[in-house]
Amino acid sequence: MTAAVIDGKALAQQVRSEVKERAAGLARAGITPGLATVLVGEDPASTIYVSSKQKACAEVGIKVWDYPLPASTPEDELLALIADLNANDGVHGILVQLPLPEHIDEQKVLVAVDPLKDADGFHPMNLGRLLAGDPVVAPATPAGIQEMLIRSGVEISGAEVVVVGRSNIVGKPIAAMLMQKAPGANATVTICHTRTRDIAEHTVRADILIAAIGRAHAITAPMIKKGAVVIDVGMNRTEDGLKGDVDFEAAKEICSQITPVPGGVGPMTIAMLLSNTVKLAGG
Ligand code: GUN
């Protein structure tokens, strides 16, 4: 049997309509939610991501404060901008697009953002609160994955979840979220990474397999358990176009549900960023 394809665009649209209503509620109370986007340099993928986020903000009633900066921006100038945004009452969320140029210390920048304006949930205090089960906001991609699983009717409680990839943006936070004693969680979570001895030995046990590796088609059919739910976080630009981390065509003959690339996790990431911003504005 062929797997059901999880429609990330449709689910993201549901979330976006809900966010739009929450933003309208804030507007009635005289609050316009504001998101500042900071993009240093002109990396083509980052430029596309930031403009998609800005367009999505406008559609739900979030005001965008746009800060495109040259790649040569000194670190202290970036930190000074963040300090200004922290002090600006019209800005409820701040997003610094990653990766940053080599000469800028990413951790220093993430710590400079006011944790209560941290739309991405990347501040170490927020990552700590996430781990402790008391999040302010969760990072958008993991939040989008969890929301997708819930809205697709996937049983998470008690499930064997295998995450392949240990980034601070996806692998570590999704593992922390799905292991919590909380609704939409309570999973048994394994994280695999570059030093895992035999990744397939773990993935074949997964009821829910989350691929956040960054290598096109790294997950092949024999690595997937029959009937598993497969979430593909990969966004790999290849000569043949945008590819996920999963060999989709082969995988969909084995699993029960699978997310496509594009049209899977990507749209949910944007929807959850909007949700985070409205939440930080009080909605
Ligand atoms: N780079 C890749 N993903 C993300 C994200 O979710 N937020 C930011 N700020 N940068 C990213």
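Details of the structure are given in the entry above.
This is a predicted model, so every value here is computed, not measured. (Residues numbered from 1 in each chain as written. Predicted model: local features only at pLDDT ≥ 70, side-chain atom pairs only at ≥ 80, totals over all residues. Heavy atoms only, no water.)

K.L.:
Just checking my understanding: could you explain the pairing of strand S8 (residues 229-232) for this structure?
P.N.:
Working note: regular strand, side chains alternate between the two faces of the sheet. The alternating pattern of S8 places Val229 and Ile231 on one face and Val230 and Asp232 on the opposite face, and all of these are buried. Across four bridges, strand S7 (residues 208-211) lies against S8 in parallel orientation. Each bridged residue has a counterpart across the sheet, and for Ala211 the counterpart in S8 is Asp232. In this structure, S8 lies alongside strand S11 (residues 257-258), joined through two bridges in parallel fashion. (Buried < 20%, exposed > 50% of the residue type's maximum accessible area, 1.4 Å probe, protein only. Helix = DSSP H or I, 4+ residues; strand = E, 2+ residues; numbered from the N terminus. Pairing = 2+ DSSP bridges.)

K.L.:
Which parts of the structure should I look at to understand the side chain of Arg16?
P.N.:
Looking at the element boundaries, Arg16 is found in helix H1 (residues 8-28). According to the relative accessible area criterion, Arg16 is buried, its value standing at 17%. With near-sequence residues (within four places) excluded, Arg16 lies in contact with Ala56, Glu59, Val60, Ile270, Ala271 and Leu274. (Contact = heavy atoms within 4.5 Å.)

K.L.:
It is not clear to me how the sheet that holds strand S6 (residues 188-192) should be interpreted in this structure. Could you clarify?
P.N.:
By way of backbone hydrogen bonds, the strands of a sheet pair with one another, either parallel or antiparallel. Taken together, the six strands give an open sheet; going across it, the order is S1-S11-S8-S7-S5-S6, and neighbouring strands pair in parallel fashion. The two strands at the open ends of the sheet, each matched to only one other strand, are strand S1 (4-5) and S6.

K.L.:
What's the story with the pattern of salt bridges in this structure? I'm lost.
P.N.:
Opposite charge on two side chains makes pairing possible when the charged atoms of those side chains draw close. Counted under the stated rule, the structure contains 10 salt bridges. In this structure, the salt-bridge partner of Lys108 is Glu75, at a minimum N-O distance of 2.9 Å. Residue Lys108 is found in helix H4 (residues 106-112), and its partner Glu75 is found in helix H3 (residues 75-87); the two are separated by 33 residues along the sequence. Ionic pairing is found between Lys225 and Asp207, a salt bridge with its closest N-O pair at 2.8 Å. With a gap of 18 residues between them, Lys225 in the loop between S7 and S8 and Asp207 in the loop between helix H8 (199-203) and S7 connect regions that are remote in the sequence. Judged by relative accessible area, which is 33%, Lys225 ranks as partly exposed. Within the structure, one salt-bridge network assembled from shared partners comprises Arg16, Lys55 and Glu59. (Salt bridge = Lys/Arg side-chain N within 4 Å of Asp/Glu carboxyl O.)

K.L.:
What should I look at first to understand H1 in this one?
P.N.:
Note that an α-helix has 3.6 residues per turn; residues three or four places apart therefore point the same way. Here H1 is 21 residues long and its end C-alpha atoms lie 30 Å apart, about the 30 Å a rise of 1.5 Å per residue gives. Of all the residues in H1, the buried ones are Gly8, Leu11, Ala12, Val15, Arg16, Val19, Ala23 and Leu26. An end-on view of H1 places all buried positions within 135 degrees of arc, on one side of the element. The outward face of H1, more than 90 degrees from its buried face, is lined by the exposed residues Glu21 and Arg28. Buried residues along H1 sit against helix H2 (44-60), helix H6 (140-151) and helix H10 (265-280). Phi turns positive, to about 85 degrees, at Gly30, one or two residues after H1. (Expected span 1.5 Å × (residues − 1). Arc of directions from axis to C-beta.)

K.L.:
I keep staring at the packing of H6 against helix H7 (residues 171-178) and nothing clicks. Help me out?
P.N.:
Packed helix pairs are specified by the crossing angle of their axes together with the interaxial distance, meaning the distance between the axes. Here H6 crosses H7 at 40 degrees, and the two axes come no closer than 9 Å. Between H6 and H7, the interaxial angle falls into the category oblique. Crossing angle aside, the handedness with which H6 passes H7 is right-handed. Two secondary-structure elements touch here, H6 through Pro142, Ala143, Ile145, Gln146 and Leu149 and H7 through Pro173, Ile174, Met177 and Leu178. Among the residues making up the contact of H6 with H7, the classes are represented as eight nonpolar, one polar and no charged. (Axes fitted to C-alpha atoms, helices over the stretch in contact; angles between N-to-C directions. Parallel < 35°, antiparallel > 145°, perpendicular 65-115°, else oblique. Left-handed = near helix turned anticlockwise from the far one by under 90°. Nonpolar A, V, L, I, M, F, W, Y, C, P; charged D, E, K, R; others polar.)

K.L.:
Could you clarify how one ought to interpret the side chain of Asp120 in this entry?
P.N.:
Mapped onto the elements, Asp120 comes out in the loop between H4 and helix H5 (124-131). Comment: no salt bridge for buried Asp120; closest opposite-charge side chain is Lys53, at 5.1 Å. What Asp120 contacts, discounting residues up to four positions off in sequence, is Ile94, Leu95, Val96, Ala138, Pro139, Ala140 and Leu273. (Lys, Arg positive; Asp, Glu negative; His and termini not counted.)

K.L.:
When you look at the packing of aromatic side chains in this model, what are you seeing that I'm missing?
P.N.:
We describe a pair of aromatic rings using the distance from one ring centre to the other and the angle between the two ring planes. Scanning the entire structure with this criterion turns up zero aromatic pairs. Note that Lys63 overlies the ring of Trp65, its terminal NZ or CZ placed 4.7 Å from the centroid. (Phe/Tyr/Trp six-rings, centres within 6.5 Å; stacked < 30°, edge-to-face > 60°. Lys NZ or Arg CZ within 6 Å of the ring centre and 35° of its normal.)

K.L.:
Which parts of the structure should I look at to understand the site of the ligand?
P.N.:
Every residue lining the ligand is accounted for by Lys53, Leu95, Val96, Gln97, Leu98, Asp120 and Phe122. Contact between the ligand and Val96: a nitrogen atom at 2.9 Å from a main-chain N or O atom of the residue. For the ligand, a nitrogen atom lies 2.6 Å from a polar atom in the side chain of Asp120. Its free accessible area being 280 Å², the ligand has 82% of it covered by the protein chains. Tallied by class, the residues present in the shell around the ligand amount to four nonpolar, one polar and two charged. (Near = heavy atom within 4 Å. Polar contact = N/O pair within 3.5 Å; in protein donor to acceptor, adjacent residues only side chain to side chain. Areas by Shrake-Rupley, 256 points an atom, 1.4 Å probe, with all protein chains shown as cover.)

K.L.:
Quick question: what am I supposed to make of the layout of surface pockets here?
P.N.:
To locate leftover empty space, one rolls a probe as large as a water molecule over the atoms. One number sums up the size of the largest pocket: a volume of about 1300 Å³. In terms of lining residues, the largest pocket is bounded by 47 residues, among which Tyr49, Thr141, Met235, Gly266 and Thr269 are the most central. Put simply, the parts of the chain that give the lining of the largest pocket at least two residues each are H1, H2, H6, strand S9 (236-238) and H10. Of all the elements, H2 adds the most residues to the lining of the largest pocket, at nine residues. By residue class, the composition of the lining of the largest pocket is 24 nonpolar, 13 polar and 10 charged. What the second largest pocket holds in volume is close to 420 Å³. (1 Å grid on protein atoms, 1.4 Å probe; cavity = no way out; pocket = protein on both sides within 12 Å on 5 of 7 lines; lining within 4 Å. Points joined across faces, edges and corners; volume = space filled by probe spheres on them.)

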